[in-house]
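Architecture and fold: a report
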Protein chains: 2
Amino acid sequence: MKVAEQAGYDAWLGRRALTDKDQVSSLTDWASRIIAEESDECIRTAAYELTETITAWTGRRPDNAVPADGGGCLRIGTFQGCSEVASAFSEVEMSAVQADGFRLRRAGQSIIIAGSTGRGVLYGAFALLRLIKTGERLNELDELSNPANGLRLINEWDNVDGSIERGYAGRSIFYAEGEVVPDLSRVRDYARLLASVGINGIVVNNVNVHREETLFLSERYLPRIADMANVFRAYGIRLYLSINFAAPIEMGGLATADPLEEAVRTWWKDRVKEVYKWIPDFGGFLVKADSEFRPGPFTYGRDHADGANMLAEALAPYGGIVVWRCFVYNCKQDWRDRKTDRARAAYDHFTPLDGRFRDNVVLQVKNGPMDFQVREPVSPLFGAMPHTNMLIEFQVTQEYTGQQRHLCYLVPQWKEALDFDTHARGEGSTIKKVADGSLFGRPLGGFAAVSNVGDDANWTGHPLAQANLYGYGRLAWNPELAADRIAEEWIKQTFGDHDRVIKTLLAMLMSSWSLYESYTSPLGVGWMVKPNHHYGPDVDGYEYSMWGTYHFADCYGIGVDRSVRTGTGYASQYHRPHSERFESAETTPDELLLFFHHVPYTHRLHSGKTVIQHIYDSHFEGVKGSEALAEQWEGLKGLIDHDIFEQGRSRLQEQIEHAKEWRDVINTYFWRKSGIADEHGRTIY
Amino acid sequence: MKVAEQAGYDAWLGRRALTDKDQVSSLTDWASRIIAEESDECIRTAAYELTETITAWTGRRPDNAVPADGGGCLRIGTFQGCSEVASAFSEVEMSAVQADGFRLRRAGQSIIIAGSTGRGVLYGAFALLRLIKTGERLNELDELSNPANGLRLINEWDNVDGSIERGYAGRSIFYAEGEVVPDLSRVRDYARLLASVGINGIVVNNVNVHREETLFLSERYLPRIADMANVFRAYGIRLYLSINFAAPIEMGGLATADPLEEAVRTWWKDRVKEVYKWIPDFGGFLVKADSEFRPGPFTYGRDHADGANMLAEALAPYGGIVVWRCFVYNCKQDWRDRKTDRARAAYDHFTPLDGRFRDNVVLQVKNGPMDFQVREPVSPLFGAMPHTNMLIEFQVTQEYTGQQRHLCYLVPQWKEALDFDTHARGEGSTIKKVADGSLFGRPLGGFAAVSNVGDDANWTGHPLAQANLYGYGRLAWNPELAADRIAEEWIKQTFGDHDRVIKTLLAMLMSSWSLYESYTSPLGVGWMVKPNHHYGPDVDGYEYSMWGTYHFADCYGIGVDRSVRTGTGYASQYHRPHSERFESAETTPDELLLFFHHVPYTHRLHSGKTVIQHIYDSHFEGVKGSEALAEQWEGLKGLIDHDIFEQGRSRLQEQIEHAKEWRDVINTYFWRKSGIADEHGRTIY
């Protein structure tokens, strides 16, 4: 069986025939004709998607004949390009539609999808299909939707050899054996998935740019990368590249990559010119510099602003941008050095540079100060650089959150970060407002995230991990959406409208992050994972290493003192009241206690439990929760696709066994270390 | 510069001109003529080695003219093949020379090297050169030397892709890119080194036989392996192959590898026939079966005897043997299972099979029950299988003992094992007598060891690690040799006769094993290493894994209870008095305490220290000892080859830094865990 025909490949865009007869008949009155008069590529794509989907749903292929009889139709187009579309809206209504936004409206027998750009029309088309598939009635349809964020990026950590850094769903869909894959049909299907949730930019290679990928900027690779850009363009997605800061040396043969050196600047300008020759709407560069052994401006006594601005200057004439990652810390820290605190690093490195970056530079800041842990506080950089563009970076691929073998729906985690009130401009200064640029009035902003897809037939390995990709896109479009609303949308589109299926999966997804947290990393401590691959428990795995990731557990207590009074002072990187709240163990929320404070095992949490008893209880409960997940899943037998059911079943069984391993390693470790027995006398080995 | 011309390549066989004029003149009277009348290949090799070396030493090339004038000569040959040789000895003297043995004798102006075989003559030649080089006077020369062990094997863990499992000195000298190397001159130089210390068998491929090496038994590889065998044959060394027990399936296309299946037995017989067609003196097979995921007879409900005997039957007609490894344990043990004890495994698996193995099967038993740890007790299998042939296996490559970056002269460790009195037949039942077969009157026995060489110019990476290869061979020939005597021999042959050089290096070598033990693994506990690569400290690295390697440290104490009364019962696998001695913490020697007992940190050792204070003290002292090593080495500047000096210096610096890492990780771990402070208030992080 071809991969595209296998279970899960269609993801949330599956086109099974609609079973609700009312719904089918409500479609037929307007959906038998689809009128798209403009030649814009995204509008053509929108018309194609609508046509194919409606055909599959109803069994009848819409035509494109303009209804002479005043009958209904589906009309799609821009206000500027299509007078019939424009005539359905007032001036005020039209001007309310921002770039990429759209309006959907019922007008008599017809439905209208309107945008100010072709891309907006495409998003409107996917929105309409989503509404139908999730069972919305369209009689009173009148919807305006603008994306909250200008940049809605996805980062692929794919390498040209076909491997994927932190990929858990097979090999790359973009590359194999040192080349872009010859057949881009799967890339196109990925573009559909991304466009359907509003993604408008893709970085097609790993932020760790190795020797070979450095040459992506050359004619060796650009023709085929341009082919990929063409595929994405049809779905409104601009292509970006991760670059190697040392490319002028490694590829250009220069003696230096000093960003203030004229020859270097010229070299980059020439490269950028070449790239735009092949890809006229190229998005720009993503840069991981001076981070984890990657080269950067520090080598030449320059700073991040020097480096980023040089690239930005080269890109500016073409409308390109520089996305500069802030994941910068001393990754050769000596574990014996108790003064250096990795959590502080991004803030300490970047805040002094506020205002120095060009307007087409945007800093990409991970949601937390460490590295995509199950639980960590938000990065204090959000709210600390009012004169700098900023993107928030999430990790859809589940590096530290179960690697798509465990279920972990991450939208609730992301929501917590987005809703965090930095107080940078007083109350209401949420991180989502920093990211979208509104808080500080920045011209650029948005979301970025590391993708979780590979060439597994179902894209994400774990069939339910698709929800994270879906949710990421939806949240990038509208951070106000609730996590459960997103989950429900995804479930209905993916599995249909069976009530038990919806309720079961919704409950499973919504409980899964807390569940994963419960049996892995207690109270915000993080990093108790096996080094390198990061799968499975190893409490001391990063304790005596150079990565700046410690818990300092001894026979009395555990945690990192990041207070100002007695610790590393990290707490002061937040605005009040957070800086004060995190300063004291009494006011720090339980779930972050060990991130901010070193406390005795007998310290009593707000929950009323001691730290040690919390550790024991949560780990025992975590296994029970995993068993409950598997039981819930069993209830879906016969109600969902058989193959998907079996995929999920085997992963959930692995989750149970692995949750036991987590439970027992963590409990045994702390029992041995603390000497404090479980109050309930359960088995600790 | 060619590799063969680089420092260290000559190892202990360097041929620098002799500087002692007396010595040169004492040579010239007999060494100007070398008479070797037999055509035996080993005797030709002996003549060649003697000629080349004496030429280099004296500046004059010996001729082979029989002295007509009654003047001196060097006459070499066998008693049977050369009447002049035979006439120098009585019947009794001749019959005292066993296979591979030799006599050296001064006879008037001449020197005679005599053996009962060509191989014996070759060993005699190397022995004579060693005597001269180590400054012995030959006036009264009259030496008889017989090897204690019939089998003196070296195991290469080389793979055909050129990698070496647990190799720390570069890539393979045998293979590159899937082929035997085209130029075998380095293999020949290795054969010289091995023959010079009496090695008589080499297993040329890794015991873990992968897909490609399985085909070594086919014509795809046999022609080139036969070329290697030819090279080794000239130096008296038989070639052996490691085989894949599942070869009948993987290579032969059979449905089974069941050793009792007639088709399987026939397949092996055919393969053996083919091998002997190419290599008439082929030594036999080395087999790692049912061990660490390797296939074996268990799959078919058969036992090790069934498996080994099937192969032995195929080899017997040609004089080949089966070397069957006893490194068998449950490598998927659950760490939560406290009943299974890996230390027991080999004994429990093999002792029930005593008497079942054919006479041309020999079991290869690692020196200790675990896996070449810095310190472990001897394997109780020695002395437990009186009706079975047995080899003792050592690890010359320093997997757990510093990986040839740290100095660790292992001969003292091996001596301890060999001198261990099993009491199997009452007092004096030492392991060396088990290995050589004399204790139980076994027809086969001896030594095997994993080599430490690679394609580094100096063979072993660390220049002083050559001493381990040298020492292994010497000990296999004569286990009675003292460790310091072997070291001194090696130093003199390698570095010359400068008194300060000899004293310094002797002190460094002799202290190095205890030193490495002091800052790594305290009191026999073992396994506190980083998983997989085994370099550097990770106290819990193997604590929660499936490998059966635990220390059970908690906040009160540490160690594995292997007593009969309260533990796994492993202590009972020894004969009395050891079983009784190891049963109690009071009578267990300090250095093995934690191997046999779980004790509180406050337990007082025979040394008078508590366990915890011993841990602290030994680790602080270990760093000082490493610094002392480097200082001693500095004193050799100008006295030894400059390149070797620099190689050693850089390794010794790394040793210091790494000893600090060991010290700090181990001390911090136990301080945090026990809460007991260092009595001397030194820095623990």
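- Labelled according to an unreviewed UniProt entry, chain A appears under the name Xylan alpha-1,2-glucuronidase, originating from Paenibacillus brevis.
- In its Sequence similarities (unreviewed entry) section, the UniProt record describing chain A reads: "Belongs to the glycosyl hydrolase 67 family."
- UniProt, in its Catalytic activity (unreviewed entry) section for chain A, records the words "Hydrolysis of (1->2)-alpha-D-(4-O-methyl)glucuronosyl links in the main chain of hardwood xylans."

**Description of the overall build of chain A**
- A count of helical and extended segments in chain A gives 21 helices and 17 strands.
- Expected size for 685 residues packed as a compact globule is a radius of gyration near 26 Å; at 26 Å, chain A falls within 12% of this value.
- Per-residue burial for chain A yields a buried fraction of 65% across its 685 residues.
- Expressed as a percentage of contacts within chain A between residues at least 6 apart in sequence, the contacts between residues at least 24 apart total 72%.
- When the accessible surface of chain A is split by element, carbon and sulfur atoms take 49% of a total near 23,700 Å².
- The centroid of the 73 positive side-chain charges in chain A is displaced by 0 Å from the centroid of its 93 negative side-chain charges.

**Details of the sheet that holds strand β2 (residues 74-78) of chain B**
Residue and element names in this part refer to chain B.
- Sheet architecture is open: 5 strands sit in the order β1-β2-β4-β3-β5, paired in mixed fashion. Of all the strands in the sheet, just β1 (34-36) and β5 (142-145) have a single pairing partner and so form its edges. Averaged over all adjacent pairs, the angle separating strand axes in this sheet is 15°, with direction ignored.
- This element, helix α2 (residues 41-58), spans β1, β2 and β4 (110-115) of the sheet and lies at about 160° to β2.

**Points about the UniProt feature "domain: Alpha glucuronidase N-terminal" (unreviewed entry) in chain A**
- The UniProt entry lists residues 11-128 of chain A under the feature "domain: Alpha glucuronidase N-terminal" (unreviewed entry), expressed in the numbering used here.
- Helix makes up 42% of residues 11-128 of chain A and strand makes up 17%, while its end C-alpha atoms are separated by 17 Å.

**Some thoughts on the packing of aromatic side chains**
- A complete count under the given rule lists 82 aromatic pairs over all chains for this structure.
- Relative to B:W268, the ring of B:W267 has its centre 5.0 Å away and its plane inclined at 85°; by these criteria the two rings are edge-to-face.
- By relative accessible area, B:W267 is classed as buried at 12%.
- Among the residues examined, B:W268 registers a relative accessible area of 0% and is labelled buried.
- An angle of 35° between the planes, with centres 6.2 Å apart, marks the rings of B:F447 and B:Y472 as tilted. Separated by 25 residues along the polypeptide, B:F447 in strand β15 (residues 445-450) and B:Y472 in helix α15 (residues 466-477) bring together distant segments of the chain.
- Note on B:F447: relative accessible area 0%, which makes it buried.
- What makes B:Y472 buried here is its relative accessible area of 1%.
- Site record: aromatic cluster; members linked through ring pairs are A:Y9, A:F174, A:Y175, A:Y190, A:F216, A:Y221, A:F232 and A:W459.

**Thoughts on the pattern of salt bridges**
- Scanning all chains against the criterion turns up 104 salt bridges over all chains.
- Its salt-bridge partner being A:D100, residue A:R119 comes within 3.4 Å of it at the nearest N-O pair. Linking A:R119 in helix α5 (residues 118-133) with A:D100 in the loop between α4 (91-95) and β3 (102-107), this pair joins segments that are 19 residues apart in sequence.
- For A:D100, a relative accessible area of 6% puts it in the buried group.
- Between B:K288 and B:E292 there is a salt bridge, and its shortest N-O distance comes to 2.8 Å.
- The exposure class assigned to B:K288 is buried, which follows from its relative accessible area of 5%.
- Relative accessible area serves as the criterion here: at 21%, B:E292 is assigned to the partly exposed category.
- Residues participating in the shared-partner salt-bridge network are A:D334, A:R336, B:E661, B:R663 and B:D664.

**Let's talk about the side chain of A:Q333**
Residues and elements named next belong to chain A.
- Looking at the element boundaries, Q333 is found in the loop between β12 (321-325) and α12 (345-350).
- For Q333, a relative accessible area of 3% gives the class buried.
- At 3.4 Å, the side chain of Q333 and the backbone oxygen of D337 are in polar contact.
- Not counting chain neighbours up to four residues away, the residues in contact with Q333 comprise T340, R342, S545, M546, W547, G548 and Y550.

**Some thoughts on the pairing of strand β12 (residues 321-325) of chain B**
All names here are of chain B.
- Counted residue by residue, β12 has 5 buried out of 5 residues, so it is predominantly covered.
- In this structure, strand β11 (residues 284-287) lies alongside β12, joined through 4 bridges in parallel fashion. Its bridge partner lying in β12, G284 is registered against I321.
- Strand direction decides the pairing type here: β12 and strand β13 (residues 361-366), joined by 4 bridges, are parallel. For V322, the partnering residue across the bridge sits in β13 and is V361.
- For the crossover that starts at β12, traverses helix α12 (residues 345-350) and ends in the parallel β13, the hand is right-handed.

**With respect to the relation of the copies chain A and chain B**
- Least-squares fitting of chain A to chain B yields an RMSD of 0.1 Å, with the superposition described by an axial translation of 0.0 Å and a rotation of 180°. Both chain copies can therefore be described as sitting about a two-fold axis. When C-alpha distances to the rotation axis are compared across chain A, the minimum falls at A:K673, with a value of 2.8 Å.
- Residue by residue, 100% of the interface of chain A is reproduced at the interface of chain B, so both copies engage with the same surface.

**Here we look at the interface of chain A and chain B**
- With 22 residues of chain A at the contact, the number on the chain B side is 22 residues.
- Approximately 2,100 Å² of surface area, both sides summed, lies buried where chain A meets chain B, with 52% of it carried by carbon and sulfur atoms.
- Between B:D664 and A:R336 there is a salt bridge, with the nearest N and O atoms lying 2.5 Å from each other.
- Remark: the boundary between chain A and chain B carries 13 residue pairs in polar contact (both at pLDDT 80 or more).
- Of the residues that constitute the side of chain A that touches chain B, the class distribution is 9 nonpolar, 3 polar and 10 charged.

**A short note on the side chain of B:S521**
Residue and element names in this part refer to chain B.
- Summarising the element assignment, S521 is placed in the loop between α17 (499-519) and β16 (557-558).
- Since its relative accessible area comes to 7%, S521 is described here as buried.
- Polar contacts involving the side chain of S521 include one to the main-chain amide nitrogen of G526, which spans 2.9 Å.

**Regarding the sheet that holds β12(B)**
Residues and elements named next belong to chain B.
- Sheet architecture is closed into a barrel: 8 strands sit in the order β6-β9-β10-β11-β12-β13-β14-β15, paired in parallel fashion. With direction set aside, neighbouring strand axes in the sheet form an average angle of 25°.
- When strand β9 (residues 201-203) meets strand β10 (residues 238-243), the two strands line up parallel, connected through 3 bridges. Looking at the pairing, V203 lines up with Y240 of β10.
- Strands β9 and β10 of the sheet are contacted by helix α8 (residues 222-233), whose axis makes an angle of about 140° with β10.

**Quick notes on the packing of helix α15 (residues 466-477) of chain A against helix α16 (residues 483-495) of chain A**
Residue and element names in this part refer to chain A.
- Where α15 contacts α16, the two axes come as close as 10 Å, and the packing angle between them is 125°. One element, α15, and the other, α16, form an angle in the oblique class. Relative to α16, α15 is oriented so that their crossing is right-handed. On α16, the residues that touch Q466, A467, Y470, G471, R474 and L475 of α15 are R485, I486, E489, W490, Q493 and T494.
- In the contact of α15 with α16, the residues fall into 5 nonpolar, 4 polar and 3 charged.

**A closer look at unusual backbone geometry**
- Between A:R576 and A:P577 the backbone carries a cis peptide bond, its omega angle lying at 5°.
- The phi dihedral of B:F372 falls on the positive side, at around 55°, and the residue is not glycine.
- One can find B:F372 in the loop between β13 and β14 (389-395).
- A relative accessible area of 5% places B:F372 in the buried class.
- Of note, the phi angle at B:W527 is positive, near 65°, even though the residue is not glycine.
- Position of B:W527 among the secondary structure elements: in the loop between α17 and β16.
- Under the relative-accessibility criterion, B:W527 is labelled buried at 7%.

**A word on the environment of A:L13**
Residue and element names in this part refer to chain A.
- Summarising the element assignment, L13 is placed in the segment before α1 (21-31).
- Residues L13 and L129, 116 residues apart in the sequence, show an inter-C-alpha distance of 9.0 Å.
- Ignoring sequence-local partners within four residues, the contact set of L13 consists of F126, K133, R192, L193 and S196.

Cut-offs applied
Each residue is numbered by its place in its chain's sequence as written, counting from 1. Chains carry letters and ligands carry numbers; both start at the beginning, A for chains and 1 for ligands, and go up in the order they are written. At least 70 in pLDDT is required for a residue's local features to be given in this predicted model, at least 80 for side-chain atom pairs to be given and counted, and no such filter applies to totals for whole chains, interfaces and linings, which use all residues. Just so you know, side-chain values use all the structure's heavy atoms and leave hydrogens and water out. UniProt positions are given in the numbering used here, feature names are shortened, and annotations may be inferred rather than shown by experiment. For helices the rule is a DSSP run of H or I covering at least 4 residues; for strands it is a run of E covering at least 2, with both sets numbered from the N terminus onward. Radius of gyration here uses only the C-alpha atoms, and the compact-globule reference equals 2.2 Å multiplied by the residue count raised to the power 0.38. Only protein chains enter the area calculation, which uses a 1.4 Å probe; residues under 20% of their type maximum are buried, those over 50% are exposed, and those in between are partly exposed. We call two residues in contact when some of their heavy atoms are within 4.5 Å. Areas reported here follow the Shrake-Rupley algorithm with a probe of radius 1.4 Å; residue values treat only the protein chains shown as occluding. Positive residues here are Lys and Arg, negative ones are Asp and Glu, while His and the chain termini are left out of the count. Positions of charges follow a simple convention, taking NZ of Lys, CZ of Arg, CG of Asp or CD of Glu. Note: two strands are recorded as paired if DSSP finds a minimum of 2 bridges between them. Between N-to-C directions, angles span 0 to 180 degrees; the directions come from axes that are lines fitted to C-alpha atoms, helices contributing only their stretch in contact. Pairing of aromatic rings covers Phe, Tyr and Trp, the last through its six-membered ring, and needs centres within 6.5 Å; plane angles under 30 degrees mean stacked, over 60 mean edge-to-face, and all others mean tilted. Basic side-chain nitrogens of Lys or Arg form a salt bridge, by our definition, when they fall within 4 Å of a carboxyl oxygen of Asp or Glu. Polar contact is the term for a pair of N or O atoms within 3.5 Å; when the atoms are in protein, one must be able to donate a hydrogen and the other to accept it, and sequence-neighboring residues count only if both atoms are side-chain atoms. For crossovers, right-handed means that the path from the first strand over the helix to the second runs clockwise, given strands pointing away from the viewer. Superposition of the copies used a least-squares fit over C-alpha atoms from residues whose pLDDT is at least 70 in both. Put simply, buried area is the surface a 1.4 Å probe can reach on two separate parts but cannot reach once they are joined, added for both. Charged means Asp, Glu, Lys or Arg here, nonpolar means Ala, Val, Leu, Ile, Met, Phe, Trp, Tyr, Cys or Pro, and polar covers whatever is left, Gly included. Relative orientations are named as follows: roughly parallel for angles under 35 degrees, roughly antiparallel for angles over 145 degrees, roughly perpendicular for angles from 65 to 115 degrees, and oblique for any other angle. When the near helix sits turned anticlockwise from the far one by under a right angle, the crossing is termed left-handed; a clockwise turn instead gives a right-handed crossing.

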